[in-house]
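Below, each chain spelled out in residue letters.
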Amino acid sequence: MRGRRRLAAIGLVTLALAVAGAWLAGCSDDDDKVSGPSGEPEPVYDLYVDVTTGSDGYSGSRDSCFKTITHALSVAQPGDSIKVRPGTYNAASGETFPITIPDSITLIGDVVNRGVGDDTVRIDGVGDYDGTNWATLVAGDSSVITGFFIRQPSTALTRYGIVSEDATCTVIANTFRSEYGCIRLLGSGDPVISDNTLSSSYYGVYSNCTGVALIRDNEFIDGSYIENVTGDANIIHNAFSGNAHRAISSNNHSAFIDSNVIVGSYVYAALRLMSGATPTVRNTSITANAGYCVQILGNANPDLGTAGEPGGNTFAAGGGPCVYSESVAMVSALGNTWPNMPPVCGTDIEVSGAGSVAFGPGAADTCEAPK
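Residues numbered from 1 in each chain as written. Predicted model: local features only at pLDDT ≥ 70, side-chain atom pairs only at ≥ 80, totals over all residues. Heavy atoms only, no water.

## Overview of the pattern of salt bridges
With the rule as written, the count across this model stands at 10 salt bridges. Close ionic contact of Asp 124 with Arg 122 constitutes a salt bridge, the shortest N to O distance being 2.7 Å. Among the ionic pairs, Arg 282 bridges to Glu 309, the shortest N-O distance being 2.7 Å. One end of the pair, Arg 282, is in strand 26 (residues 280-282); the other, Glu 309, is in the loop between strand 27 (285-296) and strand 28 (314-317), and 27 residues separate them in sequence. Through salt bridges with shared partners, a single ionic network connects Arg 114, Asp 195 and Glu 219. (Salt bridge = Lys/Arg side-chain N within 4 Å of Asp/Glu carboxyl O. Helix = DSSP H or I, 4+ residues; strand = E, 2+ residues; numbered from the N terminus.)

## Remarks on the state of the cysteines
Enumeration according to the criterion identifies 1 disulfide in this entry. What pairs with Cys 345 in a disulfide is Cys 367, and their sulfur atoms sit 2.0 Å apart. The sign of the -90° torsion about the S-S bond sets the Cys 345-Cys 367 disulfide as left-handed. Remark: Cys 367 occurs in strand 33 (residues 366-368) and Cys 345 occurs in the loop between strand 30 (330-332) and strand 31 (349-351); sequence separation between them is 22 residues. Taking relative accessible area as the criterion, Cys 345 reaches 39% and is therefore assigned partly exposed. Owing to a relative accessible area of 1%, Cys 367 belongs among the buried residues under this scheme. (Disulfide = S-S within 2.5 Å. Buried < 20%, exposed > 50% of the residue type's maximum accessible area, 1.4 Å probe, protein only.)

## What to know about empty space enclosed by the protein
Counted according to the given criterion, the structure contains 1 cavity of 30 Å³ or more. Roughly 40 Å³ of volume is contained in the largest cavity. Together, Phe 220, Gly 223, Ser 224, Tyr 225, Phe 240, Ser 241, Gly 242, Ala 244, Arg 246, Ala 247 and Tyr 266 line the largest cavity. With 4 residues, strand 22 (residues 239-244) is the single largest residue contributor to the lining of the largest cavity. Of the residues contributing to the lining of the largest cavity, the split by class is 6 nonpolar, 4 polar and 1 charged. (1 Å grid on protein atoms, 1.4 Å probe; cavity = no way out; pocket = protein on both sides within 12 Å on 5 of 7 lines; lining within 4 Å. Points joined across faces, edges and corners; volume = space filled by probe spheres on them. Nonpolar A, V, L, I, M, F, W, Y, C, P; charged D, E, K, R; others polar.)

## Quick word on the confidence of the model for the protein
Confidence along the protein averages 90 in pLDDT terms, with 89% of residues attaining 70 or more. Taken together, the stretch residues 1-37 has pLDDT below 50 and engages in 69 contacts with residues farther than four places along the chain or on a different chain. (pLDDT = per-residue confidence, 0-100. Contact = heavy atoms within 4.5 Å.)

## With respect to the environment of Asn 234
By the element assignment, Asn 234 lies in strand 21 (residues 234-236). Its relative accessible area of 1% is what places Asn 234 among the buried residues.

## Let's talk about the environment of Ala 307
Here Ala 307 lies in the loop between strand 27 and strand 28. Remark: the alpha-carbon pair of Ala 307 and Leu 334, spanning 27 residues in sequence, is separated by 6.3 Å.

## With respect to the side chain of Asn 174
With respect to the helices, strands and loops of the structure, Asn 174 is situated in the loop between strand 12 (170-172) and strand 13 (175-178). When its relative accessible area of 0% is taken as the criterion, Asn 174 is described as buried. Engagement of the side chain of Asn 174 in a polar contact is seen with the backbone nitrogen of Gly 147, the distance being 3.0 Å. Residues contacting Asn 174, with those up to four places away along its chain left out, are Arg 114, Ile 145, Thr 146, Gly 147, Phe 148, Ile 150, Asp 195, Asn 196 and Thr 197. (Polar contact = N/O pair within 3.5 Å; in protein donor to acceptor, adjacent residues only side chain to side chain.)

## A closer look at the nonpolar core
Ile 82 and Ile 183 are the most contacted members of the largest nonpolar core, which totals 84 residues. With residues near it in sequence (within four places) discarded, Ile 82 still touches Leu 47, Val 49, Ala 72, Leu 73, Ala 76, Ile 105, Thr 106, Leu 107 and Ile 108. (Core = buried A, V, L, I, M, F, W, Y, C linked by side-chain atoms within 4.5 Å.)

## Brief notes about the pairing of strand 6 (residues 121-124)
Across 4 bridges, strand 3 (residues 87-90) lies against strand 6 in parallel orientation. Bridge pairing in strand 6 places Tyr 89 opposite Ile 123. Here strand 6 runs beside strand 10 (residues 149-152); their pairing, made up of 3 bridges, is parallel. In the sheet register, Asp 124 faces strand 10, and the bridge partner there is Arg 151. (Pairing = 2+ DSSP bridges.)

## Here's the deal with the sheet that holds strand 32 (residues 356-358)
Pairing in this open sheet of 3 strands is mixed, and the strands run 30-32-33 from one edge to the other. Unpaired on one side and paired on the other, strand 30 and strand 33 mark the two borders of the sheet. Averaged over neighbouring strand pairs, the angle between their axes works out to 20° when direction is ignored. (Axes fitted to C-alpha atoms, helices over the stretch in contact; angles between N-to-C directions.)

## Quick notes on a negative patch on the surface
Judged by side-chain charge, Asp 128, Asp 130, Glu 165 and Asp 166 come together as a negatively charged surface patch. By relative accessible area, Asp 128 is classed as partly exposed at 40%. (Patch = residues over 30% accessible without salt bridge, like charges linked within 9 Å, V, L, I, M, F, W, Y side chains within 5 Å. Areas by Shrake-Rupley, 256 points an atom, 1.4 Å probe, with all protein chains shown as cover. Lys, Arg positive; Asp, Glu negative; His and termini not counted. Charge placed at Lys NZ, Arg CZ, Asp CG, Glu CD.)

## Section: the packing of aromatic side chains
Tallying each qualifying case throughout the model produces 10 aromatic pairs. On the numbers, 4.7 Å between centres and 10° between planes, the contact of Phe 220 with Phe 240 is stacked. One end of the pair, Phe 220, is in strand 19 (residues 219-221); the other, Phe 240, is in strand 22, and 20 residues separate them in sequence. Look at Phe 220 and you get buried, because its relative accessible area is 0%. Judged by centre distance (4.8 Å) and plane angle (10°), the rings of Tyr 292 and Tyr 324 are stacked. Here Tyr 292 is found in strand 27, whereas its partner Tyr 324 is found in strand 29 (residues 323-325), with 32 residues between them in sequence. In this structure an aromatic cluster arises from ring pairing among Tyr 160, Tyr 180, Tyr 202, Tyr 203, Tyr 206 and Tyr 225. For Arg 184, the ring lying beneath its charged end belongs to Tyr 206, and the centroid distance is 4.1 Å. Above the ring of Tyr 268, the side-chain terminus of Arg 272 is found at 3.8 Å from the ring centroid. (Phe/Tyr/Trp six-rings, centres within 6.5 Å; stacked < 30°, edge-to-face > 60°. Lys NZ or Arg CZ within 6 Å of the ring centre and 35° of its normal.)

So, in structure tokens, the structure goes:
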């Protein structure tokens, strides 16, 4: 079941990368003279937006661009691609927030530079989405958002760069800067979050998605982190850096966490696993300069490696044990690299609850709370 889920999610991001790769060039007046990645002429987009030279009274063609993304989306048809030229798109330029992207629309800026090249393609603003969550952009089902610098300027709670609800959308190759959160996932759907740079004071991705979110190949900087509350997310090949409460927080879900690199100082832990969380953690390198590498609370029972499938994780903690468990569960953590080999109970692994942590197959290869 998990293997099929992983393959399906990876197939989605492969398709998304192929779609974005076909649209790498800019949107200048001589687009037809620019060659694509394979030397072929760049495709013609359905609609064009240029905040500097456009007008919402124009036709929206390459040589007669609209001025606002808001207007372009209001006339776009399912399957359309909208090319947004460099500039800052905000309320002062005529945008209405949140900007809602209809189903099956591709919104594209500067993919190669994640929206922050020499000519930045910036969307800057926030508006009330549902009375609780506010957003810069709202993603529709089967929509693609790629190549933008998405700036959410508000310091108030529940403000996000993108909100996705009940949508299998693709958010790829963007740069986020938010004073609160970058991406909020709600409801069902299998959203793909790939190849983005996410910087926030709190949440890089806050997921209540009940589907299977794929969060892959992103950079979480300045302490931004993943809060995965529900759903079986695949969290793969991401890099985390900075100082924060945690890098990945898991609560009542069975995420697959694989091949991530996590370096930072944490109030709690790089991986904070709570309640009934049962994630599988593989091939992930964690260096916690402060805090634990993995903190296990409540009745959480992560799979950190088994005899049949070793974890392949590398744990290093500068301020105490690598793995700390208050859980009632018997946690399996076989096949990992520890500061001491084999790991030392009380030094590399600390157990204070009724459960245990097994680091090897032998009867003596288990850490428990002191009697």
